[in-house]
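# An overview of the molecular structure
This is what each chain is made of:
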Amino acid sequence: MKVLIVSSNSLPASPSGPVYLAGAVRQAGHTVQIYERLFAGDLPAELNAKLLEFQPDVIGVSIRLVFGDELDPAAPLGTRHTDLRPRVKEIVDILRRGSSARIVLGGPGFNYYAQDWLEYLDLDYGIRGEGEEAFPLFLQRLEQGGDIHSIPGCVFRQAGSYHSIPACSVQDLDNQALPAYELLDWQPYAGRNITPAIFTKRGCAFLCTYCPYGKLEGRQYRLKSPARVLAEAKAIFQATHSRKVMFCDNNFNAPRRHAEAICREWIAEKTDLQWGTGDLRPVGITDDFCRLMEASGCFYANLAIESASAAMLHSMKRGYSVRQVRESLEALSRSKIPFGASLMLGAPGETPETIAETLAVLGDYEIPDGVWVTIGVYLWTDYQDIVAERRRAGVIKDNRELFNGMVYLSPGLPRTYLRELPEALQARPGYSVQFNRPAEVWSNPNAGAG
Ligand code: B12
């Protein structure tokens, strides 16, 4: 079958989902192409030309995001909130008009809102969860006959009502196809400073109250072997000429022995490929570990601190202490690794005092790549404990509220304080501030009280 995968994302990010999916589809014997929306000039003309030329039988639309909040100094509170749903709808409308191929939805932005997306786009089929096995199985059943309504993770509309089958996670990650980066022309990505991304594992053992990953991917880690991770990086170099890869894992350094084994593999191969991570957890970041990261070619690491207030770390169930945050910052400062740090302010329990504590800790260090601060916690899914709690308390009644974007801001943060916070943070050298869904937070007097 001819399968077109449309990467519908319109914010800069590596199209990791589409390339892993494309690799799996191709390995299953199909012909596959990827259309990347990110660089579209004249979207209808380009997409129609692709449909005409390729004549796909099936089109998989990969949805990464529902919303984007982008830094914009001209916007209120420095952030512009963009609803990305109409952009996905525009794509689907073009596909529907220009092709009779079957359209299937999937991707990280689809997972939480499968039914809402099907309704919004007036479609009848999507697949939640990891696509490497489920999507080829769907294609096989479509081609050879079989029940497409029992595919793991499928969500479908039949006779006006919605049904869903539990998703199934991929167990043997080493035996999956390599991500098919060679199907893309990487030059425009490089021009936007996008580094090709791969994952080294699935799963998350931590219990952070605001994060869905543990429930989404499972608490038990499913690891790729270090040799496999390096093989992916080498294949990326062949396909894109990028000597750098980003690990898009949850907490690259957990489990630590896995991260160490990857670093050692890199060192043993004497490769000049480099790697980076946006998510290093302040746990076990010692001098030894930093030396391993450095020697194996780490070109960037973001320390995901989130808070350096003891009360907030406890209430968010981050699983580390202020002392560990300091030890991590100290070890990284002693290394030559260019590192940044990120904070998430506004979770339950946050007050001006807890923010002051956090900033006082960070103020003791020089953070070469700067500090990324997010204010406000998006409520996405019941997989986040803070959403489940609010649903139990009757604050969230309908999934549609989540699909429309709900942000939590601690009621302990007075409005006058919040209004000045972004500017106060930006005045600190190297700080960037993103205020999640700012306009709505300010137009709705109850938004902070959720
Ligand atoms: C890494 C990551 C980032 C990195 C990206 C770095 C990079 N180089 O790629 C950074 C830190 C920059 C980032 C930023 C943001 N991110 Co982010 N990010 C992720 C993360 C952790 C992993 C995504 C990934 O690449 N996974 C690896 C690939 C291989 O998996 P995948 O894309 O899920 O694809 C698989 C399946 O989904 C499926 N699949 C994919 N497409 C399709 C299509 C079909 C048809 C089918 C059947 C299956 C299928 O098969 C694939 C293979 O298994 C996810 C959370 C998560 N665990 O999924 C959040 C996530 C995608 N991000 C999210 C958000 C909100 C953001 C931000 C908007 C946050 C913000 N407020 O700034 C920004 C947006 C920036 C941007 N320009 O896109 C949300 C999106 C939620 C939503 N519903 O919209 C997620 C889901 C996290 C969350 N909150 O739960 N992010």
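Residues numbered from 1 in each chain as written. Predicted model: local features only at pLDDT ≥ 70, side-chain atom pairs only at ≥ 80, totals over all residues.

A word on the overall build of the protein. On a plain count of helices and strands, the protein comes out with 18 helices and 20 strands. Taken over C-alpha atoms, the radius of gyration comes to 22 Å for the protein, in line with the 22 Å a tight globule of 450 residues would show. Per-residue burial over the protein gives 44% buried out of 450 residues. The contacts in the protein between residues at least 6 apart in sequence include a share of 75% that link residues at least 24 apart. (Helix = DSSP H or I, 4+ residues; strand = E, 2+ residues; numbered from the N terminus. Rg over C-alpha atoms; globule rule 2.2 N^0.38 Å. Buried ≥ 20, exposed ≤ 12 C-beta atoms within 10 Å, placed from the backbone. Contact = placed C-beta atoms within 7 Å.)

To continue, consider the pairing of strand β6 (residues 102-106). In terms of residue burial, β6 counts as a mostly covered element, since 4 of its 5 residues are buried. Bridge count between strand β3 (residues 58-62) and β6: 5 bridges; the pairing is parallel. Opposite valine 58, over in β6, you have arginine 102 as the bridge partner. (Pairing = 2+ DSSP bridges.)

What follows concerns the site of the ligand. With respect to spatial proximity, 41 residues lie near the ligand, and among them Gly17, Gly60, Ser62, Gly106 and Gly131 are the closest. Sorting elements by how many residues they give to the shell around the ligand places helix α1 (residues 16-27) first, with 5 residues. Among the residues forming the shell around the ligand, the class breakdown is 23 nonpolar, 14 polar and 4 charged. (Near = placed C-beta within 6 Å. Nonpolar A, V, L, I, M, F, W, Y, C, P; charged D, E, K, R; others polar.)

On to the packing of helix α9 (residues 226-240) against helix α10 (residues 256-268). Packing of α9 against α10 brings their axes to within 9 Å, and their N-to-C directions diverge by 55°. Between α9 and α10, the interaxial angle falls into the category oblique. Here α9 runs over α10; the crossing is right-handed. Each of Pro226, Ala227, Val229 and Leu230 in α9 lies in contact with α10, whose residues at this interface are Ala261, Ile262, Glu265 and Trp266. By residue class, the composition of the contact of α9 with α10 is 7 nonpolar, no polar and 1 charged. (Axes fitted to C-alpha atoms, helices over the stretch in contact; angles between N-to-C directions. Parallel < 35°, antiparallel > 145°, perpendicular 65-115°, else oblique. Left-handed = near helix turned anticlockwise from the far one by under 90°.)

What follows deals with the domain arrangement of the protein. What the domain assignment reports for the protein is domain 1 (2-75 + 82-164) and domain 2 (195-443). Taking the mean C-alpha position of each, domain 1 and domain 2 sit 28 Å from one another. The greatest single-element share of the side of domain 1 that touches domain 2, amounting to 3 residues, is contributed by strand β4 (residues 67-71). Here the side of domain 1 that touches domain 2 is built from residues that sort into 5 nonpolar, 3 polar and 2 charged. (Domains from an automatic or database assignment.)

Turning our eyes to something else, we now look at the sheet that holds strand β13 (residues 244-247). The strand order across the open sheet built from 7 strands is β10-β13-β14-β15-β16-β17-β20, with neighbouring strands paired in parallel fashion. Across the chains shown, the open sheet's two edge strands, defined by having one partner strand only, are β10 (197-198) and β20 (431-435). Of the pairings in the sheet, the one linking strand β15 (residues 298-306) to strand β16 (residues 339-345) comprises 5 bridges and is parallel in character. Within β16, the position partnered with alanine 301 by the bridge is phenylalanine 339.

On to the environment of aspartate 398. By the secondary structure assignment, aspartate 398 is in the loop between α15 (385-392) and α16 (399-403). Along the primary structure aspartate 398 and glycine 276 are separated by 122 residues, whereas in three dimensions their C-alpha atoms are 39 Å apart.

Turning to its location among the elements, valine 283 is positioned in the loop between β14 (274-280) and α11 (287-295). Measuring from C-alpha to C-alpha, the distance between valine 283 and serine 328 comes to 7.2 Å, with 45 residues separating the pair along the chain. Aside from chain neighbours lying at most four places away, what touches valine 283 is Asn253, Ala254, Tyr320 and Gln324.

Bringing the packing of α1 against helix α6 (residues 131-144) into the picture now. One way to put it is that α1 packs onto α6 with a least axis distance of 9 Å and a crossing angle of 45°. Comparing their axes, α6 and α1 come out oblique. Judged by the twist between their axes, the crossing of α1 over α6 is right-handed. Contacts from Tyr20, Leu21, Ala24 and Val25 of α1 reach α6 at Gly131, Glu132, Phe135, Pro136 and Leu139. Its residues placed into classes, the contact of α1 with α6 shows 7 nonpolar, 1 polar and 1 charged.

Here we come to the pairing of strand β17 (residues 371-375). In β17, alternate side chains face the same way, and those of Val371, Val373 and Ile375 are buried while those of Trp372 and Thr374 on the opposite face are not. Relative to β17, β16 runs parallel, the two sharing 5 bridges. Looking at the pairing, leucine 343 lines up with valine 373 of β17. After leaving β16, the chain enters helix α14 (residues 352-362) and then returns to the sheet as β17, a path that is right-handed. Two elements, β17 and β20, share 5 bridges in a ladder whose sense is parallel. From the neighbouring strand, isoleucine 375 faces β20, where its bridge partner is phenylalanine 435. (Right-handed = clockwise from strand over helix to strand, strands pointing away.)

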